[in-house]
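Commentary on secondary and tertiary structure
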Amino acid sequence: MYEKSIKPLNQAVAEELSGVHQYMYFHFHCSDQGFDLLANLFRKIAIEEMIHIERLAERILFLKGDVEMRPSTKTEKVSNVKDMMTEAKSMEENSIKLYNELAMGCGTNADSVSRKLFEELVMDEERHYGQFDTELQNLTKFGEQYLALQSIERSKGLSTQTGANPEIGRAS
């Protein structure tokens, strides 16, 4: 029916898989460094990218194609938070451009459902771009203090989880 749409849909699956891998890598490193808010942002967006893969795969299978589960790129070994945000923002920007192009191609091939799917993905990717852009602006504006605040929040959370009592050790 819309055989020409299967290849671009699989191209998007490859991009999304790369995003999931990269964002989970960033999640692990942010968590390890004590930056739980950023770690959770990367995890949340990775999960949203997994949902994109599912939607793309469902469309491919409906079109009687086979889902190619190969990431488009290797995971970049980045552990500096500012570099992570820059890379994530760039990835989202590239996805926005690609998905707009793929949407137009599907439209040209009279596949309005795949076109609409790509347009919906663009909306999500633009939101992700905005989230990463905001975090990058915060890092630029506040520098290391921004990251220090995240570590402090983690410490507060850990002290309440372990049942630490601030009264213990105080002189009467």
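Note: the structure precedes this text.
Heads up: these notes are all about the structure in this document. (Residues numbered from 1 in each chain as written. Predicted model: local features only at pLDDT ≥ 70, side-chain atom pairs only at ≥ 80, totals over all residues. Heavy atoms only, no water.)

1. Let's talk about the side chain of Glu16
Selection criterion: Going along the chain from the N terminus, every DSSP run of H or I of four or more residues is numbered as a helix, and every run of E of two or more is numbered as a strand. For every residue, the accessible area (1.4 Å probe, protein chains only) is compared with the maximum for its type, and the residue is labelled buried under 20%, exposed over 50%, or partly exposed between those bounds. Residues scored as positive are Lys and Arg, those scored as negative are Asp and Glu, and His as well as the terminal groups of each chain are ignored. For salt bridges, the criterion is a side-chain nitrogen of Lys or Arg within 4 Å of an Asp or Glu carboxyl oxygen. The definition of a polar contact used here is a pair of N or O atoms within 3.5 Å, where within protein one atom must be able to donate a hydrogen and the other to accept one, and adjacent residues in sequence count solely through side-chain atom pairs.
Here Glu16 is to be found in helix H1 (residues 6-32). Despite its burial, Glu16 remains without a salt bridge, the nearest opposite charge being carried by Arg55 at 9.3 Å. Separated by 2.5 Å, the side chains of Glu16 and Tyr99 make a polar contact.

2. Some words on the packing of H1 against helix H2 (residues 36-62)
So the rule is basically this: Helix axes use the C-alpha atoms of the stretch in contact, all axes being lines fitted to C-alpha atoms, and the angles between their N-to-C directions lie in the range 0 to 180 degrees. Here the word oblique covers every angle except those under 35 degrees (roughly parallel), over 145 (roughly antiparallel) and from 65 to 115 (roughly perpendicular). Handedness of a helix crossing follows the sense of rotation of the near helix relative to the far helix, less than a right angle counterclockwise being left-handed and clockwise being right-handed. Any residue that is not Ala, Val, Leu, Ile, Met, Phe, Trp, Tyr, Cys, Pro, Asp, Glu, Lys or Arg is counted as polar, Gly included; the first ten are nonpolar and the last four charged.
Following both chains from N to C, one finds H1 and H2 inclined at 160 degrees, their axes separated by 8 Å at the closest point. Classified by the angle their axes make, H1 and H2 are roughly antiparallel. Relative to H2, H1 is oriented so that their crossing is left-handed. Looking at the contact of H1 with H2 residue by residue, the class counts come to 19 nonpolar, 5 polar and 5 charged.

3. Thoughts on the packing of aromatic side chains
The description of two aromatic rings rests on the distance between their centres and on the angle between their planes. To keep it simple, the criterion reads: Put simply, two rings from Phe, Tyr or Trp (the six-membered ring, in Trp's case) pair if the centres are within 6.5 Å, and we call them stacked under 30 degrees between planes, edge-to-face over 60, tilted for the rest.
Applying the stated rule across the entire model yields 7 aromatic pairs. With centroids separated by 5.8 Å and ring planes inclined at 40 degrees, the aromatic side chains of Tyr99 and Phe118 adopt a geometry described as tilted. Residue Tyr99 is found in helix H3 (residues 81-108), and its partner Phe118 is found in helix H4 (residues 112-142); the two are separated by 19 residues along the sequence. A single burial state applies to Tyr99 and to Phe118, both of which are buried. Consider the rings of Phe142 and Tyr146, whose centres lie 6.5 Å apart with planes at 20 degrees: the pair is stacked. Under the relative-accessibility criterion, Tyr146 is labelled buried at 16%.

4. Some remarks on unusual backbone geometry
One non-glycine residue, Lys64, lies in positive phi territory at about 70 degrees. Secondary-structure assignment places Lys64 in the loop between H2 and H3. In the Ramachandran plot, Ala110 falls in the positive-phi region, its phi being about 60 degrees despite a non-glycine side chain. The topology assignment puts Ala110 in the loop between H3 and H4.

5. As for the nonpolar core
Note that soluble globular proteins tend to have their nonpolar side chains buried in a common cluster. Put simply, the rule is: Nonpolar core, defined: a set of buried Ala, Val, Leu, Ile, Met, Phe, Trp, Tyr and Cys residues in which side-chain atoms within 4.5 Å join the residues together. What makes two residues a contact is simply this: any of their non-hydrogen atoms within 4.5 Å.
Within the largest apolar cluster, 45 residues are counted, with the highest numbers of intra-cluster contacts made by Tyr23, Phe42 and Phe118. For this core, the secondary-structure elements that each account for two or more residues are H1, H2, H3, H4 and helix H5 (144-161). If sequence neighbours within four positions are ignored, Tyr23 has contacts with Phe42, Ile45, Ala46, Glu49, Ala88, Met91, Glu92 and Phe132.

6. Things to note about the environment of Asp83
Looking at the element boundaries, Asp83 is found in helix H3. Spatially, the C-alpha atom of Asp83 lies 9.1 Å from that of Leu136, the residues being 53 residues apart in sequence.

7. What to know about the environment of Leu56
Following the sequence through the fold, Leu56 ends up in helix H2. If we ignore the near neighbours within four places in the chain, the residues touching Leu56 are Leu9, Ala12, Val13, Glu16, Leu117, Phe118 and Leu121.

8. Thoughts on the layout of surface pockets
For the record, the criterion: As defined here, a cavity is a set of points on a 1 Å grid over the protein atoms alone where a 1.4 Å probe fits but cannot get out. A pocket is an open set with protein on both sides within 12 Å along at least five of seven lines, and residues line them when an atom is within 4 Å of a point. Grid points are joined across faces, edges and corners, and a volume is the space filled by probe spheres set on the points.
Approximately 250 Å³ is the volume attributed to the largest pocket. As for the largest pocket, its lining consists of 19 residues, and the residues nearest its centre are Glu15, Ser18, Gly19, Thr73 and Met91. Here the lining of the largest pocket is built from residues that sort into 3 nonpolar, 8 polar and 8 charged.

9. Focus: the pattern of salt bridges
Scanning the model with the defined rule gives 9 salt bridges in all. The partner of Asp111 in a salt bridge is Arg59, with the nearest N and O atoms 2.7 Å apart. Of this pair, Asp111 sits in the loop between H3 and H4 while Arg59 sits in helix H2, and the two are 52 residues apart along the sequence. Both residues of the pair, Asp111 and Arg59, belong to the buried class. Ionic contacts of the salt-bridge type, sharing partners, join the residues Lys44, Glu48, Asp124 and Arg127 into one network.

These figures capture arrangement, not role.
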